[in-house]
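Listed below are the residues making up each chain.
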Amino acid sequence: TGGGKSLCYQLTGYIQHKLSIVISPLLSLIEDQVRGLKNIGISVEFLSGDTNQRKYFDVMNMMRGGDLLFLYVTPEKLIQSNHLFSILQELY
């Protein structure tokens, strides 16, 4: 409602400069968060059930390359994505 909850994970991810993954079922909230972070120059992307294959693999490559600070994911995309889990295992 006021941004306090978002600040908890955004500040931590920013300070640690490590990939933070945020899982949210609210696509409009995700889009708002991503837009706000991009507006201040923070590397952020999101994946949802509507994400096309090219963007999906671009995001996976950004994760592997350490070029992504925040990734927002809808629960259905997380469940569908074995590839995402394998990359997370590589990174962590």
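The following refers to the structure shown. (Residues numbered from 1 in each chain as written. Predicted model: local features only at pLDDT ≥ 70, side-chain atom pairs only at ≥ 80, totals over all residues. Heavy atoms only, no water.)

Remarks on helix α2 (residues 27–39)
- A rise of 1.5 Å per residue sets the reference length of α2, with its 13 residues, at 18 Å; its end C-alpha atoms lie 18 Å apart and thus fit the reference within 8%.
- Along α2, the residues classified as buried are I30, Q33, V34 and L37. Viewed end-on, α2 has its buried residues packed into an arc of 100°, placing them on one side of the element. Structural note: α2 exposes S28 and N39 on the side pointing more than 90 degrees away from its buried face.
- Positioned one or two residues after α2, G41 has a phi angle of 85°, which is positive. (Helix = DSSP H or I, 4+ residues; strand = E, 2+ residues; numbered from the N terminus. Expected span 1.5 Å × (residues − 1). Buried < 20%, exposed > 50% of the residue type's maximum accessible area, 1.4 Å probe, protein only. Arc of directions from axis to C-beta.)

Quick word on the pattern of salt bridges
- Within the structure shown, the criterion is met by three salt bridges.
- Residue K38 pairs with E45 through a salt bridge whose shortest N-O separation is 3.4 Å.
- Across the pair E45 and K55 runs a salt bridge whose closest N-O atoms are separated by 3.6 Å. Of the two residues, E45 sits in strand β2 (residues 44–47) while K55 sits in helix α3 (residues 53–64), which places them ten residues apart along the sequence.
- Among the residues examined, E45 registers a relative accessible area of 14% and is labelled buried.
- Each of the salt bridges in this network shares a partner with another, and the network as a whole consists of K38, E45 and K55. (Salt bridge = Lys/Arg side-chain N within 4 Å of Asp/Glu carboxyl O.)

So, the packing of α3 against helix α5 (residues 82–91)
- Relative to each other, α3 and α5 sit at 10°, their axes nearing to 10 Å. The angle between the axes of α3 and α5 places the two elements in the roughly parallel class. Note on element contacts: α5 touches α3 through H83, L84, I87, L88, E90 and L91, opposite Y56, F57, M60, M63 and R64.
- Taken together, the residues of the contact of α3 with α5 break down into eight nonpolar, one polar and two charged. (Axes fitted to C-alpha atoms, helices over the stretch in contact; angles between N-to-C directions. Parallel < 35°, antiparallel > 145°, perpendicular 65-115°, else oblique. Contact = heavy atoms within 4.5 Å. Nonpolar A, V, L, I, M, F, W, Y, C, P; charged D, E, K, R; others polar.)

Topic: the sheet that holds strand β1 (residues 20–23)
- Spatial strand order, β1-β3-β2: three strands in an open sheet with parallel pairing. Edge strands, defined here as strands with exactly one partner in the open sheet, are β1 and β2. Taken over all neighbouring pairs, the strand axes of this sheet differ in orientation by 20° on average, direction set aside.
- As paired strands, β2 and strand β3 (residues 70–73) are joined by four bridges and run parallel to one another. By the bridge assignment, V44 is partnered in β3 with F70. (Pairing = 2+ DSSP bridges.)

A closer look at the layout of surface pockets
- Within this model, the largest pocket holds a volume of roughly 210 Å³.
- The wall of the largest pocket is formed by 15 residues, among which H17, K18, L19, G66 and L68 lie closest to the centre.
- Residues that form the lining of the largest pocket fall into these classes: nine nonpolar, four polar and two charged. (1 Å grid on protein atoms, 1.4 Å probe; cavity = no way out; pocket = protein on both sides within 12 Å on 5 of 7 lines; lining within 4 Å. Points joined across faces, edges and corners; volume = space filled by probe spheres on them.)

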